[in-house]
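# Working through the structure, step by step
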Amino acid sequence: MTATLSLALLERAYGRAFNTAQRTNAQSVLDALTMHGFRFGLLQPHRTAQYLAQLMHESGGFQYDREIWGPTPAQKRYEGRKDLGNVQKGDGSKYRGRGPIQVTGRNNYREFSKWAKSIDPGAPNFEASPDKINTDPWEGLSPIWFWSTRDLNRYADRGDIENVTRRINGGLNGYADRLKYYDRFALAFLGYGINDMPKFQKAAGLKDTSGTSGPLTRAALHSALLKLSAPHMLSDEVAAAPVVEEKEVEKPVAVTPPGMDAPWYQSKEILGPVAGGGGAAALSAIGSIPWENLALILVAFGAVGLFLYWRKRVDAAAVEKAAQRVGQ
């Protein structure tokens, strides 16, 4: 990686200097990542960028290493949550979110304890003493545990920031903030300043060099970061194309032929050549029309023809009657 993992890097991504508490919390994360990141495949630029971006958002820029308890209506619902293992009275508050990625629930504290003992047999029992998650080195290791046990490298390898977010958050809360941090870390690891997006976009050959980051820009960032990664460390899904800008699908247009009450829907691609193209183009277009649509076209024209024939007969009868009155 071009950028060095340091407090200065995290502060640049944050946008201003950390206070004392932020520096302490952030240093725990950096120490754990430096010492154990390679073992869990996290010291690959494209993964590290996503990892740090998620932690920056989850911790509010490392301001919070434990959930502030109200309790809010949402926090009250922690109580009795069997899916979190909160089966005893008071578990909701006792096992509130802790660490930079907010480990929550009795089950997760128990599972983290087992994992931590595989790192160090002398690790605390966090189920019995949940506050010890906020001690070193465990504060920095708790997000590595969460990331590795949820196999988030798999999503990071294919540039799937959305599903990394969903696996951490359960939804897409704060998604724009997470993307902002990803862009900044990605640029830093590629040797750019965190505000050098236009320069990167130009170097990547993108048409939009305004500095506004979207799916195309992030796909380019992901591809560039992959070139800095060790191929043998990547998951099998890394070959999958990163998410790119989706082309907007043209919406069907409603066309109402004369004499028909209900709208008839046909795509622009078919209507264009048939309505206004030359003879060869028209024949080509007709040959490509599904038989169901072709049948509908024939029915429509048949109905129009019958209607015109009926009107002609009615008009002729009216004229004949008028002539008879004149002759009387």
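Everything here concerns the structure above.
Here's a quick rundown of the structure. Throughout this document, residue positions are counted from 1 along each chain, in the order its sequence is written. This being a predicted model, a pLDDT of at least 70 is required before a residue's local features are given, and a value of 80 or more before pairs of side-chain atoms are given or counted; all residues contribute to the totals for chains, interfaces and linings. With hydrogens and water stripped out, all remaining heavy atoms of the structure feed into the side-chain values.

Attention now goes to the overall build of the chain. A run of H or I in DSSP becomes a helix once it reaches four residues, and a run of E becomes a strand once it reaches two; helices and strands are each numbered from the N terminus. Helix and strand counts for the chain come out as 15 helices and two strands. Of all 328 residues assigned to the chain, the portion counted as buried reaches 41%. By definition in these notes, contact holds between two residues if any of their heavy atoms fall within 4.5 Å. Partitioning the intrachain contacts of the chain with sequence separation of at least 6 by distance along the chain shows that 57% fall at a separation of at least 24. For the chain, the exposed area adds up to about 18000 Å²; of that, 56% sits on carbon and sulfur atoms. Whether a residue is buried, partly exposed or exposed follows from its accessible area with a 1.4 Å probe, protein chains only, as a fraction of its type maximum: under 20%, in between, or over 50%, in that order. The Shrake-Rupley method, run with a 1.4 Å probe sphere, supplies the accessible areas, and residue values consider only the shown protein chains as cover.

To continue, consider the environment of L216. Here L216 lies in helix α12 (residues 215-226). Taking the C-alpha atoms as reference, L216 lies 8.1 Å from L206; in sequence the two are ten residues apart.

So, on to the packing of helix α1 (residues 7-14) against helix α10 (residues 175-189). For the pair α1 and α10, interaxial distance at closest approach is 9 Å and the crossing angle is 135°. With respect to their mutual orientation, α1 and α10 come out oblique. Along this stretch, α1 crosses α10, giving a crossing that reads as right-handed. Of the residues in α10, those touching α1 at L9, L10, A13 and Y14 are Y181, R184, F185, A188 and F189. Residue composition of the contact of α1 with α10, by class: eight nonpolar, no polar and one charged. To define axes, lines are fitted to C-alpha atoms, for helices over the stretch in contact only, and angles between the resulting N-to-C directions are given on a 0 to 180 degree scale. For classification, angles of less than 35 degrees are called roughly parallel, those exceeding 145 degrees roughly antiparallel, those between 65 and 115 degrees roughly perpendicular, and all remaining angles oblique. The handedness criterion is simple: a crossing whose near helix is rotated anticlockwise from the far helix by less than a right angle is left-handed, and one whose near helix is rotated clockwise is right-handed. In the scheme used here, Gly and all other residues not listed as nonpolar or charged are polar, with Ala, Val, Leu, Ile, Met, Phe, Trp, Tyr, Cys and Pro taken as nonpolar and Asp, Glu, Lys and Arg as charged.

As a further point, take the packing of aromatic side chains. Stacked, tilted and edge-to-face are the three classes applied to pairs of Phe, Tyr and Trp rings, where Trp contributes its six-membered ring and a pair requires centres within 6.5 Å; stacked means planes under 30 degrees apart, edge-to-face means over 60, and tilted covers the rest. Counted under the stated rule, the structure contains 13 aromatic pairs. Relative to F146, the ring of W145 has its centre 6.2 Å away and its plane inclined at 75°; by these criteria the two rings are edge-to-face. Accessibility classification places W145 together with F146 in one group, the buried group. Aromatic side chains Y192 and F200 sit 5.7 Å apart centroid to centroid with 85° between the ring planes, which places their arrangement in the edge-to-face category. Every member of this aromatic cluster is reached through a ring pair, and the members are F40, F112, W115, F126, W138, W145 and F146. Cation placement over rings: the criterion is NZ of Lys or CZ of Arg within 6 Å of the ring centroid and within 35° of the ring normal. A cation over an aromatic ring shows up here: R150 above the ring of F146, its NZ or CZ 4.2 Å from the ring centre.

Another aspect to go through is the pattern of salt bridges. A side-chain nitrogen of Lys or Arg and a carboxyl oxygen of Asp or Glu constitute a salt bridge if their distance falls within 4 Å. One pass over the full model with this rule turns up 15 salt bridges. Note that D131 is salt-bridged to R98, the shortest N-O span being 3.0 Å. Linking D131 in the loop between α6 (106-119) and α7 (138-149) with R98 in the loop between α5 (91-94) and α6, this pair joins segments that are 33 residues apart in sequence. Accessibility expressed as a relative area gives 6% for R98, which makes it buried. Put simply, D65, R66, R98 and D131 are held in one network by salt bridges that share partners.

A helix is expected to reach a length of 1.5 Å times the quantity of its residues less one. For α7, with twelve residues, the first-to-last C-alpha span of 16 Å sits near the 16 Å given by 1.5 Å per residue. Burial within α7 is extensive, with ten of its twelve residues counted as buried. Among the residues making up α7, those that are buried are W138, E139, G140, L141, S142, P143, I144, W145, F146 and W147. Turning to α7, the residues buried within the fold contact α2 (20-36), α3 (45-58), α6, α8 (152-157) and α9 (161-169). Backbone geometry just downstream of α7 places D151 in the positive-phi region, at approximately 55°.

Looking now at the packing of α10 against α12. Running from N to C, α10 and α12 cross one another at 40°; their axes reach a closest spacing of 10 Å. For the element pair α10 / α12, the angle class is oblique. Two packed elements cross with a definite hand, and for α10 against α12 that hand is left-handed. The segment α10 lies against α12, with L179, Y182, D183, A186, L187 and F189 engaging R218, L221, H222 and L225. Class assignment of the residues belonging to the contact of α10 with α12 gives a composition of seven nonpolar, one polar and two charged.

Let us now look at the environment of G140. By the element assignment, G140 lies in helix α7. Residue G140 is classed as buried on the basis of its relative accessible area, which comes to 0%. Separated by 109 residues in sequence, G140 and D31 place their C-alpha atoms 7.1 Å apart. When near neighbours in sequence (up to four residues on either side) are disregarded, G140 contacts S28, V29, A32 and Y51.

On to unusual backbone geometry. The peptide bond linking G70 to P71 adopts the cis configuration, its omega dihedral lying at 0°. Summarising the element assignment, P71 is placed in the loop between α3 and α4 (73-76). At Q102, a position not held by glycine, the phi torsion is positive, near 60°. Relative to the elements of secondary structure, Q102 occurs in the loop between α5 and α6. Positioned with a positive phi, D151 is a non-glycine residue whose angle comes to about 55°.

A few words now on α12. With twelve residues, α12 should reach 16 Å at 1.5 Å per residue; the first-to-last C-alpha distance of 16 Å fits that figure. Within α12 the residues assigned to the buried category are T217, R218, A219, A220, L221, H222, A224 and L225.

As far as function goes, none of this settles anything; it's purely spatial.
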